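Each chain, letter by letter, is given below.
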Amino acid sequence: MGSQARIGIIGAGGWLGKAFSQSIVEAGIADAEALTLSYRSAKPDVLPSATWTKDNQLLVERSDVVIVSVRPEDFPAVRVSAQGKLVISVMAGVTLEHLARHLQTDRIVRSLPNGAAEVRSSYTPWVASEAAGEEDCRIAQAIFESCGTSDRLATEADIDYFTGLTGSGPAFPALLAAAMMNHAVARGINRDVARRGVNALLVGAGRLAELRADCPNDLVETFMAYRGTTAAAMDAMRAAGIDDAVGRGLDAAFRKSIAMGHADAEAPQPTASA
Ligand SMILES: NC(=O)c1ccc[n+]([C@@H]2O[C@H](COP(=O)([O-])OP(=O)(O)OC[C@H]3O[C@@H](n4cnc5c(N)ncnc54)[C@H](OP(=O)(O)O)[C@@H]3O)[C@@H](O)[C@H]2O)c1
């Protein structure tokens, strides 16, 4: 499809929809003029040369590839027929089977990016339906790589697991950083200074990980080997159950993703209309 790909994004006014529409143009996968972007409330003030619409069926008709980027609870209200089109979903917990039934196409890629797509640093795992062809998979992978890195996974259950691991993932360093900042402020450190310090270490840790590409266990051992302040802190955090807490969190995210898929299966069948 090259630069002539006609791509539609349902929910293009949202966090991921905006990131994808911009990264697709930046990467030269499609010109802005070849994008049809839908919104529900306010028309976003980006990509003015794309076609913006509230009509999702019109979007489907104008597109070869349709990306669905609404929240899972809003998906039932997206009543379109995408027969014969490639659909790429970024929605958490919405199964391939439900996507095919609801959108009336068997060419589906189910993916799970993360919020770092906004800074073109998402990690996006994906799976494809049996009917999705080689060219479908190639364009999907190119779209994901326009805003970060990506892997095709073996099974749909793996996507449910990665929904917590990397889809929700950027929230977890943020959770750790919030705990650190709260601790510093409780110790009487100025809030702005604590925020700058903690934000800087998040960015620095990310850049170090990018540069060294070490296994996280190796990085932990490198710090442990000093047997100094860092090891004292990490020993205390482990003794307090940090590994168990993280495991419980990832299990909870996996269960939630599966439960969302089951809820979909019980949802009433929509009637296709614009
Ligand atoms: N953000 C993440 O970190 C992340 C990571 C992985 C996967 N996801 C998945 O990605 C999807 C989008 O997430 P998000 O964070 O981008 O959510 P978001 O910021 O809330 O964006 C969703 C957008 O969809 C719009 N919308 C809802 N119904 C619509 C309709 N019928 N037609 C057109 N637009 C419609 C909403 O419009 P309004 O302005 O009217 O609400 C909103 O702008 C979700 O399914 C989520 O599970 C998100």
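Residues numbered from 1 in each chain as written. Predicted model: local features only at pLDDT ≥ 70, side-chain atom pairs only at ≥ 80, totals over all residues. Heavy atoms only, no water.

Colleague: When you look at the packing of aromatic side chains in this model, what are you seeing that I'm missing?
Modeller: Two aromatic rings are characterised by how far apart their centres lie and by the angle between their planes. The full count for this structure, using the stated rule, is six aromatic pairs. Ring plane angle 90 degrees and centroid distance 6.0 Å describe the contact between Tyr161 and Phe162, whose orientation is recorded as edge-to-face. By relative accessible area, which is 33% here, Tyr161 ends up partly exposed. A relative accessible area of 18% places Phe162 in the buried class. Geometrically, the ring pair formed by Tyr161 and Phe254 is edge-to-face, given 6.2 Å between the ring centres and 65 degrees between the ring planes. Taken together, the residues Tyr161 in helix α5 (residues 156-167) and Phe254 in helix α10 (residues 242-266) connect sequence positions 93 residues apart. (Phe/Tyr/Trp six-rings, centres within 6.5 Å; stacked < 30°, edge-to-face > 60°. Buried < 20%, exposed > 50% of the residue type's maximum accessible area, 1.4 Å probe, protein only. Helix = DSSP H or I, 4+ residues; strand = E, 2+ residues; numbered from the N terminus.)

Colleague: Please explain the pairing of strand β5 (residues 86-89) as it appears in this structure.
Modeller: On any regular strand, side chains alternate: one points to one face of the sheet, the next to the other face. The two faces of β5 match: Leu86 and Ile88 on one face and Val87 and Ser89 on the other face are all buried. One ladder, built from four bridges, connects strand β4 (residues 65-68) with β5; its direction is parallel. Of the residues in β5, the one forming a bridge with Val65 is Leu86. Relative to strand β6 (residues 108-111), β5 runs parallel, the two being bridged by three bridges. The residue of β6 that forms the bridge with Ile88 is Val109. The β-α-β motif built from β5, the intervening helix α3 (residues 96-103) and the parallel element β6 has right-handed crossover chirality. (Pairing = 2+ DSSP bridges. Right-handed = clockwise from strand over helix to strand, strands pointing away.)

Colleague: Is there a simple way to think about the layout of surface pockets in this case?
Modeller: Taking a probe equal in size to a water molecule and rolling it over the atoms shows the remaining empty space. One number sums up the size of the second largest pocket: a volume of about 1300 Å³. Looking at the second largest pocket, it is lined by 44 residues, and the ones nearest its centre are Trp15, Leu16, Ser69, Val70 and Arg71. Contributions of two or more residues to the lining of the second largest pocket are made by α1 (15-26), α5 and α10. If you tally residues by element for the lining of the second largest pocket, the top one is α10, at four residues. Counted by class, the lining of the second largest pocket contains 22 nonpolar, 15 polar and seven charged residues. (1 Å grid on protein atoms, 1.4 Å probe; cavity = no way out; pocket = protein on both sides within 12 Å on 5 of 7 lines; lining within 4 Å. Points joined across faces, edges and corners; volume = space filled by probe spheres on them. Nonpolar A, V, L, I, M, F, W, Y, C, P; charged D, E, K, R; others polar.)

Colleague: Can you help me understand the nonpolar core in this one?
Modeller: Side chains of a nonpolar character, in soluble globular proteins, are inclined to be buried together. If you look at the biggest cluster of nonpolar residues, it comprises 35 residues, and the most contacted ones within it are Ile7, Ile24, Ile88 and Ile143. Where this core is concerned, the elements lending two or more residues are β1 (7-10), α1, β2 (35-38), β4, β5, β7 (122-128) and α4 (134-145). Top element by residues in this core is α4. It accounts for five residues. In this structure Ile143 touches Ile7, Phe20, Ile24, Ile29, Val65, Ile67 and Ile88, once residues within four positions along its chain are discounted. Leu99, Leu103, Leu153 and Phe162 belong to the second largest nonpolar core, which has 21 residues in total. (Core = buried A, V, L, I, M, F, W, Y, C linked by side-chain atoms within 4.5 Å. Contact = heavy atoms within 4.5 Å.)

Colleague: Would you mind going over the UniProt feature "binding site: NADP(+)" (unreviewed entry) in the protein chain with me for this structure?
Modeller: Feature annotation in UniProt places "binding site: NADP(+)" (unreviewed entry) on Ile10, Gly11, Ala12, Gly13, Gly14, Trp15 and Leu16, given in this structure's numbering. Lining the second largest pocket, from this annotated set, are Ile10, Gly11, Ala12, Gly13, Gly14, Trp15 and Leu16. Residue position: Gly11 is located in the loop between β1 and α1. Discounting residues that sit within four places of it in the chain, Gly11 has contacts with Gly17, Ser38, Ser69 and Val70. Following the sequence through the fold, Leu16 ends up in helix α1. Overall, the relative accessible area of 17% leaves Leu16 in the buried class. If sequence neighbours within four positions are ignored, Leu16 has contacts with Ser69, Val90, Pro113, Asn114, Gly115 and Ala117. (UniProt positions renumbered as here; feature names shortened; annotations may be inferred.)

Colleague: What is the right way to look at a nonpolar patch on the surface in this model?
Modeller: Taken together, the side chains of Leu176, Met180, Leu201, Met237, Ile242 and Val246 define a hydrophobic patch exposed on the protein surface, amounting to about 480 Å² of accessible area. For the nonpolar patch, the elements supplying multiple residues, two or more each, are α6 (171-186) and α10. On the basis of relative accessible area, Leu176 is assigned to the partly exposed category, the value being 43%. (Patch = residues over 30% accessible without salt bridge, like charges linked within 9 Å, V, L, I, M, F, W, Y side chains within 5 Å. Areas by Shrake-Rupley, 256 points an atom, 1.4 Å probe, with all protein chains shown as cover. Salt bridge = Lys/Arg side-chain N within 4 Å of Asp/Glu carboxyl O.)

Colleague: I keep staring at the state of the cysteines and nothing clicks. Help me out?
Modeller: Defined simply, a disulfide is a covalent bond joining two cysteines at their sulfur atoms. For the coordinates displayed, the defined rule picks out zero disulfides. Of all cysteine sulfurs in the structure, the one in Cys147 sits closest to Cys137, which takes part in no disulfide; the separation is 17 Å. Using a relative accessible area of 10% as the deciding quantity, one classes Cys137 as buried. (Disulfide = S-S within 2.5 Å.)

Colleague: Just checking my understanding: could you explain α5 for this structure?
Modeller: At 3.6 residues per turn, the α-helix brings residues three or four places apart onto the same side. Along its twelve residues, α5 runs just 14 Å from first to last C-alpha, ending more than 12% under the 16 Å computed at 1.5 Å per residue. Buried within α5 are the following residues: Ile159, Asp160, Phe162, Thr163, Gly164, Thr166 and Gly167. (Expected span 1.5 Å × (residues − 1).)

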